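Chain by chain, the residues:
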Amino acid sequence: NAGVTQTPKFRILKIGQSMTLQCTQDMNHNYMYWYRQDPGMGLKLIYYSVGAGITDKGEVPNGYNVSRSTTEDFPLRLELAAPSQTSVYFCASRTGGNQPQHFGDGTRLSIL
Amino acid sequence: EDQVTQSPEALRLQEGESSSLNCSYTVSGLRGLFWYRQDPGKGPEFLFTLYSAGEEKEKERLKATLTKKESFLHITAPKPEDSATYLCAALVYNYGQNFVFGPGTRLSVLP
């Protein structure tokens, strides 16, 4: 029972580089989410998906892109990394309705 | 605008010293109020869901309650292993079935 798996756990990028944060879940959940968490702030929604092929913007989507080609995978793409994107990124999934989210353990990203 | 706040920002307790954490929400159409525990370097872990005012849920030393404006997480006789950040989140109708998170309360229980 892996749940939600995120890779990598840590990464340092240079300004202007690009990378993809991977997220996969093995619970057959329809809903998947990407959040960023900054010190003293709540989790901020970047993008979400209600099923394969369907994605939508959250509160802070600028500088990010997502795709959802399968139920299991929901990668987050950073294009032209900026220092403001230094954060901890969490992926989550859930079945839907009033059910809670299940979170991965995060990717800690530093942009220098 | 939907908003969730939490207080205090940080709380230090002695082992056995009971206390409460507050989560206040101003949202349009609450579908559920969720509590999570987050340990350092880990993702949030689900604790409780409360759906309507007056509802209570318990798990070991934790009890969550809900009113029309706020939720409380009561911690009875805490132990050092209860040290963590506690997050609350509101699931709202008008936000694409999404969650609005509070900033969290960082709890430290000293032996």
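Anything mentioned here points back to the structure above.
Note that the structure is predicted; figures quoted are calculated from it, not measured. (Residues numbered from 1 in each chain as written. Chains lettered and ligands numbered in written order. Predicted model: local features only at pLDDT ≥ 70, side-chain atom pairs only at ≥ 80, totals over all residues. Heavy atoms only, no water.)

Chemist: Any chance you could explain the overall build of chain A here in plain terms?
Modeler: Each helix and strand in chain A was counted, giving zero helices and eleven strands. A compact globule built from 112 residues should have a C-alpha radius of gyration of about 13 Å, and chain A, at 13 Å, falls within 12% of that. With the C-alpha coordinates of chain A rotated into their principal frame, the extents come out at 40 × 30 × 25 Å. Among the 112 residues that make up chain A, the fraction classed as buried is 46%. Across chain A, contacts joining residues at least 24 apart in sequence account for 54% of those joining residues at least 6 apart. Of the accessible surface of chain A, which amounts to about 5,200 Å², a share of 51% is contributed by carbon and sulfur atoms. Both charge centroids of chain A, one from 10 positive and one from 8 negative side chains, sit 6 Å from each other. (Helix = DSSP H or I, 4+ residues; strand = E, 2+ residues; numbered from the N terminus. Rg over C-alpha atoms; globule rule 2.2 N^0.38 Å. Buried < 20%, exposed > 50% of the residue type's maximum accessible area, 1.4 Å probe, protein only. Contact = heavy atoms within 4.5 Å. Areas by Shrake-Rupley, 256 points an atom, 1.4 Å probe, with all protein chains shown as cover. Lys, Arg positive; Asp, Glu negative; His and termini not counted. Charge placed at Lys NZ, Arg CZ, Asp CG, Glu CD.)

Chemist: Would you explain the interface of chain B and chain A in this entry?
Modeler: Interfaces are often sized by the amount of accessible area the parts lose when they come together. Tallying the contact residues gives 21 residues for chain B and 22 residues for chain A. Carbon and sulfur atoms make up 49% of the area that chain B and chain A hide from each other, which totals about 1,700 Å². At the surface where chain B touches chain A, the tally comes to one salt bridge. Where Asp 105 of chain A meets Lys 42 of chain B, a salt bridge forms, and the shortest distance between an N and an O atom there is 3.7 Å. (Buried area = accessible area lost by both parts, 1.4 Å probe. Salt bridge = Lys/Arg side-chain N within 4 Å of Asp/Glu carboxyl O.)

Chemist: Looking at this structure, I do not really get the environment of Glu 58 of chain B. What am I missing?
Modeler: Residue and element names in this part refer to chain B. Position of Glu 58 among the secondary structure elements: in strand 6 (residues 56–59). Its relative accessible area of 62% is what places Glu 58 among the exposed residues. With ten residues separating them along the chain, Glu 58 and Phe 48 place their C-alpha atoms 8.2 Å apart. Ignoring any residue separated from it by four or fewer positions in sequence, one finds Glu 58 in contact with Phe 48 and Lys 63.

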